[in-house]
Amino acid sequence: MIVIVKQDFDKKQQQENNLNQILENSHATLIDGSMLPDMARVDLHNNDVEALKTNLGEGWIIVPEIKYSVPDTKRKVIGKKLIH
Amino acid sequence: MTPKSPTTNRFILLPASYVGSTNNANPEIKKFLLTLNSGIKASGKSSVKLSVRNAPNTKSPAINLKVIDSINDDGAKLVEIKEEQMADFRFSYPGLRIIPERFYRRPPLPFQELLFKTKKTVQTISIVITVTDKSNHPLEGADVVAFTNFGNREGAGGKTDGGGKIKLDITSYKIERLYVYPPHTYWGFFKNNFTINAAMQIKLTAIDINFQDSLRFFYNTSHLPTISNIVKIAVIDTGVGPHKDLEIMGGANTIEGEDEKDFADNGEGHGTHVAGIIGANGAIKGVAAGVQIFSYRVFPKEGDASNFYIMKAIKKAIDDGCDLINMSLGSLVLDEGLVSYVKDAYDKGVLCFAANGNDDRRPVNFPAAYSLCVAVSALGRKGTFPANTIQKATVKAPFGKDIKNFIADFSNTGPETDLTAPGVGIISTFPGDLYAVMDGTSMACPAAVGISARLLSSRPDILGLPRNQQRTDGMLKFLSVHIKSLGFNATFEGKGMLFL
């Protein structure tokens, strides 16, 4: 699963905390680190989320990646598919 | 019919940042929260009447706020407030996060959902629809959708080919609704409750850029002066332009693996249309011609945008010194990541606007539903689109004091709505120096952003404030005296529509 690891703005800012090492220890892969030290896009297995949370410690939060679509007002057919 | 009595809801008021006041916070917020606290100390509960910030000569009843509980003297307050007064409260007392009170239950026991599948053989018939212009030239790439049962969304649809034709297999010659959506250059087509033949030709009306659409009915863009003071607007979308009527001052592509400098439109045209509503300054005019537009492309071509791309775009817009951010996008799911960046923008003096969403009167999407973001619903007006166009199908109650005004059938509504703005049948720019008509809260949002920019351009004292929460609060307070109700319920129009 893909998650976003970000500094918690409501808490005291922390250093990058050797994030790469923490990710490696948590079996997570950095996909996009262009916004470090603020946040990073990370790939990891569902089962490893808790470990990553623990390894990151205070000052970091993990939020799920959410996908947004271009809003549309076109009406679409969603009824029963016809079987010929 | 007896009017529905106003609904009272419980909310938690929090400072824009942190859970208590800080040195960076607006001192007025601390004072306000302390005032609310004083009544609780005396009696356990406190009812306060708060004055409403309004346009001159406009009166609103005082806001009745019942303070139920408090965590710190200058911290969180549990309050009761009428839904009807939510928008008035947000504009009159900005700088607070307003979070609905939620109750948590034990997780329910897992259960096995049973799925029944039925198979039914249905006799189908084929029809051929040809879409052309008025001179019978075939139009390729138009989406055609024929509904035999609109309630169940049953029917057939597809795109016209090079000959302007599409063959559809349907179950009945009786068509409940037929929609044709051209990609650009023409108005769409709508017809309901008719019997179709095996072949049908539909001739579309070309867009006349001088036509008075609903945006230009409310805001006469061709007569508005060009804005000379610097106001920077971020458009977080599919990218913008190139278009001869648009000048893009900067921006970024925040999509993983794409060129950061490629923030032109990805081809879908949505962002170019949005930007044109704000700042087109050529053959057609946006509501704020002269503002500086920054494009942040977050939508890959025909793909979805990660919240990471959007968060990154907000961060870049803040760093680029933007004043307002337009987000004509949304999700039904609470997005903690995106919300935290909207809050960060607010703290840094940048005001975010977002579209309510187009889910047919469902609850307001995130991030619009977040209290530090201005949420915009879509307004339409009869007589501002040609007959037999798809805009006809968006007309639905409620109607305003002027009965030609209506809230579009697709627009999401709810107590989080702050403003309404024209979003039905809007003519604007499309990539390739073309023009298109689009509908949506996506179009209403930039109309509100552009008018806000135009109003704020006359207030260098506000725009010149240090980039902190007081600046954002100041923007909202100033805008609040330029809003008028159009006579809808507040869940549909919020405080109303911005006027010049």
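Structure: see above.
To start, this report covers the structure provided alongside it. (Residues numbered from 1 in each chain as written. Chains lettered and ligands numbered in written order. Predicted model: local features only at pLDDT ≥ 70, side-chain atom pairs only at ≥ 80, totals over all residues.)

This paragraph deals with the sheet that holds strand β10 (residues 174–181) of chain B. All names here are of chain B. The strand order β8-β7-β10-β11 describes an open sheet built from four strands, whose pairing is antiparallel. Of all the strands in the sheet, the pair left with one neighbour each is β8 (154–159) and β11 (189–195). Between one strand axis and the next, the sheet turns through 15° on average, direction left out of account. One ladder, built from six bridges, connects β10 with β11; its direction is antiparallel. Counterpart to Leu 178 in the pairing with β11 is Lys 191. (Pairing = 2+ DSSP bridges. Helix = DSSP H or I, 4+ residues; strand = E, 2+ residues; numbered from the N terminus. Axes fitted to C-alpha atoms, helices over the stretch in contact; angles between N-to-C directions.)

This paragraph deals with the sheet that holds strand β4 (residues 60–64) of chain A. Strand pairing in a sheet takes place through backbone hydrogen bonds and is either antiparallel or parallel in direction. Residue and element names in this part refer to chain A. In spatial order, the strands read β2-β3-β1-β4; together these four strands make up an open sheet with antiparallel pairing. A strand with exactly one partner marks an edge of an open sheet, and here the two such strands are β2 (29–32) and β4. Averaged over neighbouring strand pairs, the angle between their axes works out to 35° when direction is ignored. Bridge count between strand β1 (residues 2–7) and strand β3 (residues 39–43): five bridges; the pairing is antiparallel. Paired with Ile 4 across the strands is Arg 41, a residue of β3.

This brings us to unusual backbone geometry. Residues Leu 36 of chain A and Pro 37 of chain A are joined by a peptide bond in cis, for which omega reads 10°. As for its position among the elements, Pro 37 of chain A is in the loop between β2 and β3. With an omega dihedral of 10°, the bond running from Ala 397 of chain B to Pro 398 of chain B counts as a cis peptide bond. With phi around 70°, Asn 136 of chain B is a residue other than glycine that occupies positive phi space. For Asn 136 of chain B, the location among the structural elements is in the loop between β6 (125–132) and β7 (143–149). With a phi angle near 70°, Arg 361 of chain B is a residue other than glycine that sits in the positive phi range. Along the chain, the position of Arg 361 of chain B falls in the loop between β18 (351–355) and β19 (373–381).

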